[in-house]
Every structure is written in structure tokens, then in C-alpha cells.
Amino acid sequence: MALKTILPQRVYAGLFGVAIEIYRKLLRALYLRRVVYYWLKGDQPNYEKARTVYRVMPYSLVGSSGLELTYEAAEKLMNEEGNPGAFVECGVAEGGSSALMAMVAGKFGSEQKTWLFDSFEGLPSPTDQDFDQPGGSTRAYVKPLGKGSCLGTKEAVENLLFRKFGLDSRNIHLVKGWFQDTLPVMSERIGPIALLRIDADWFESINCCLENLYNQVVQNGYIIFDDYGLCVGAKKATDEFLARRGLLVALSFDGRGGAFFRKPPGGG
């Protein structure tokens, strides 16, 4: 952090970006050992999971444990229920976890739908609800995220999904716009939701996702909060929503800051 006070902001930002990319590549290289281990062991289910996670890691900030959780949730739903409802992600960024969800959906049949919502302009600005105190911190990351961070363009995500990974565009719907504009309009078209993955960072964004989509999550469906343990506003929005609805659920954690629960019977 001392470099931030010494170097010009543009120089520091450039160095920070390079360091993050090196770190991400190192994590992926280390994760390859898991892919090889399961291949050598002949453990086909875990090999498929690890290989899928490895493939999407360059396009995701979620981390391997968060991607594994998403894969396991999606696969478990399809194995248990067949086609219980759509997979939905709010906050797509570069599209890595979206691709993973759609890959799992594709293994189980042509009718499984994946809905992806994002501004495709990066994050909005945080509000007062996102700071631990006035002038304080918004998150546990070293670098605060301002407006426009975590940007992935719609064109780049489409290229990733449909050209690089060859996924079926008939079953994947990308919706561009701010959540408060798109979710109220599109929620009815989505229908029942089996997996709702919220990677939206800020209080207002997460609250908007929950208020508009939670009622459509099926019994035993998964709700994943990618930033619960990382962002002040994410935790606050989640906790307040659960309290407001009187939902007594036990959150489980993915080991890197993400949290999830399965919707209980009658859990509206």
C-alpha cells in the first residue's frame, strides 16, 4: 500500500492491474494440478468439474472455490429435479461463471435456459449503504471498486459464450441494462428460477435482484451471493432482506467470501 502513496495514480493503477493478472494466472496454473489429479485418478465427475472451472477461470474474478460451488449447485439441481427452472446470473462481468452455468445446463438437455443480466458498463457507483462508516471502506479487497469496474462488454461475453465455448445461443439470454430497469420488465419471461446467482457488489443492486426475483426461485433452489463476505453492502442487503421476509436460513460459505442457501419450503 506504500506504493499507492508514492506513485502517481495512473502508474499505480497500471502496476496493480499487471500484478492482479499475474496472480490470476498463477492461481489457474496451480489449479491445473487438480484437473490432472482427477484425470489420473479416473474420477470422471470431479474431472469434468475441475476441467470446466479451469476453462472459465481466465474470464472470471470469482475464484476456483466460487466457481466449483456454482457448478455443484447447478449440477445437483439438474440431477435432483431434471429441469426445475432457469439459471439466472445478475452481474456477468467477463462471463466466466455465466459460461460455466450454461455448460452445466447444456449437459442435461436442450430446454434448460440461462438468463444473464448486466449493465455491460461496469459497476454503478456505491452508495452510503456500501461503506462500513462515512469515508470508510466498501469491501475487503485491497483496491476499492469505483464506477465502471468489473467491466465486460456484451459483445465480448457473447463472443466467449457462443464462439469460444460454442454454447447454444437459443438457450442463453443476455439482457443489457441496469437491474432496476430490466428485472421488473423481464422477470415474468424468466419464469421459475432454479439457481439465482447474484454478483452485484453493492447494496441497492443486490436488494433490487432479491426483491424482483426471489419469489420466482423454486423450493430447494439455490441463491448464491458472490460478495457476501467481501462487500459491506452485499452483506447488509442480504441480511436485511432475510430479516424482512422472516427467513430463518443457515448460510453456507464457499471459503472465499461467497455465501449461499437453498430456498426452504414455503420460504417466500
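Everything below is about the structure shown above.
What counts as what
Along each chain, residue indices are assigned from 1 in the same order as the chain's sequence is written. Local features are withheld for residues below a pLDDT of 70 in this predicted model, meaning they are given only at 70 or higher, and side-chain atom pairs are given and counted only at 80 or more; totals for whole chains, interfaces and linings count all residues. Computation of side-chain values covers all heavy atoms of the structure but excludes hydrogens and water. By the criteria applied, helices consist of DSSP H or I runs no shorter than four residues and strands consist of E runs no shorter than two, each listed in order from the N terminus. When two rings of Phe, Tyr or Trp (its six-membered ring) have centres within 6.5 Å they constitute a pair, described as stacked for plane angles under 30 degrees, edge-to-face for angles over 60, and tilted for the intermediate range. Burial classes: relative accessible area under 20% of the type maximum marks a residue as buried, over 50% as exposed, and values in between as partly exposed (1.4 Å probe, protein chains only). Two limits define a charge over a ring: the Lys NZ or Arg CZ must be within 6 Å of the ring centre, and within 35 degrees of the ring normal. Whenever two N or O atoms come within 3.5 Å, that pair is a polar contact, provided that in protein one can donate a hydrogen and the other can accept it, and provided that, for residues adjacent in sequence, both atoms are side-chain atoms. Contacts are residue-level and defined by heavy atoms, with any inter-residue pair within 4.5 Å sufficient. Any two strands with at least two DSSP-identified bridges between them are counted as paired.

Peer 1: Sorry, what's going on with unusual backbone geometry here?
Peer 2: Trans is the prevailing form of peptide bonds, just as negative phi is the prevailing case for residues other than glycine. Unusually for a residue other than glycine, Phe120 sits at a positive phi of about 55°. With respect to the helices, strands and loops of the structure, Phe120 is situated in the loop between strand E2 (114-118) and helix H6 (154-164).

Peer 1: Explain the packing of aromatic side chains to me, please; I cannot follow it from the model alone.
Peer 2: Each pair of aromatic rings is reported with the distance of its centres and the angle of its planes. For the structure shown, the criterion picks out eight aromatic pairs. A centroid spacing of 6.2 Å and a plane angle of 25° characterise the contact between Phe225 and Phe261, whose relative ring orientation is stacked. With a gap of 36 residues between them, Phe225 in strand E5 (residues 217-225) and Phe261 in strand E7 (residues 259-262) connect regions that are remote in the sequence. A residue is classified by how much of its surface remains accessible, and Phe225, at 3% relative accessible area, is buried. Here Phe261 falls in the buried class, since its relative accessible area comes to 3%. Three or more aromatic residues link up through ring pairs in this structure, and these residues are Tyr214, Phe225, Phe241 and Phe261. Taking the ring centre of Tyr54 as reference, the NZ or CZ of Arg28 above it sits at 3.8 Å. Between Lys263 and the ring centre of Tyr214, over which it is positioned, the NZ or CZ distance is 4.4 Å.

Peer 1: Would you mind going over the side chain of Ser97 with me for this structure?
Peer 2: Looking at where Ser97 falls in the secondary structure, it is placed in helix H5 (residues 96-107). For Ser97, a relative accessible area of 4% puts it in the buried group. Within the structure, Ser97 has its side chain in polar contact with the side chain of Glu89 (distance 2.6 Å). Leaving out residues up to four positions away in the same chain, Ser97 has contacts with Ser60, Val62, Leu67, Glu89 and Arg197.

Peer 1: Explain the pairing of E7 here, please?
Peer 2: In the case of a regular strand, side chains alternate between the two sheet surfaces. One ladder, built from four bridges, connects E5 with E7; its direction is antiparallel. The residue bridging Ile224 from the neighbouring strand is Phe260, located in E7. Pairing between strand E6 (residues 252-253) and E7: two bridges, direction antiparallel. Across the sheet, residue Phe253 finds its bridge partner in E7, namely Ala259. Linking E6 to E7, which pair antiparallel, is a turn of five residues; within it Gly255 sits at a positive phi near 95°.

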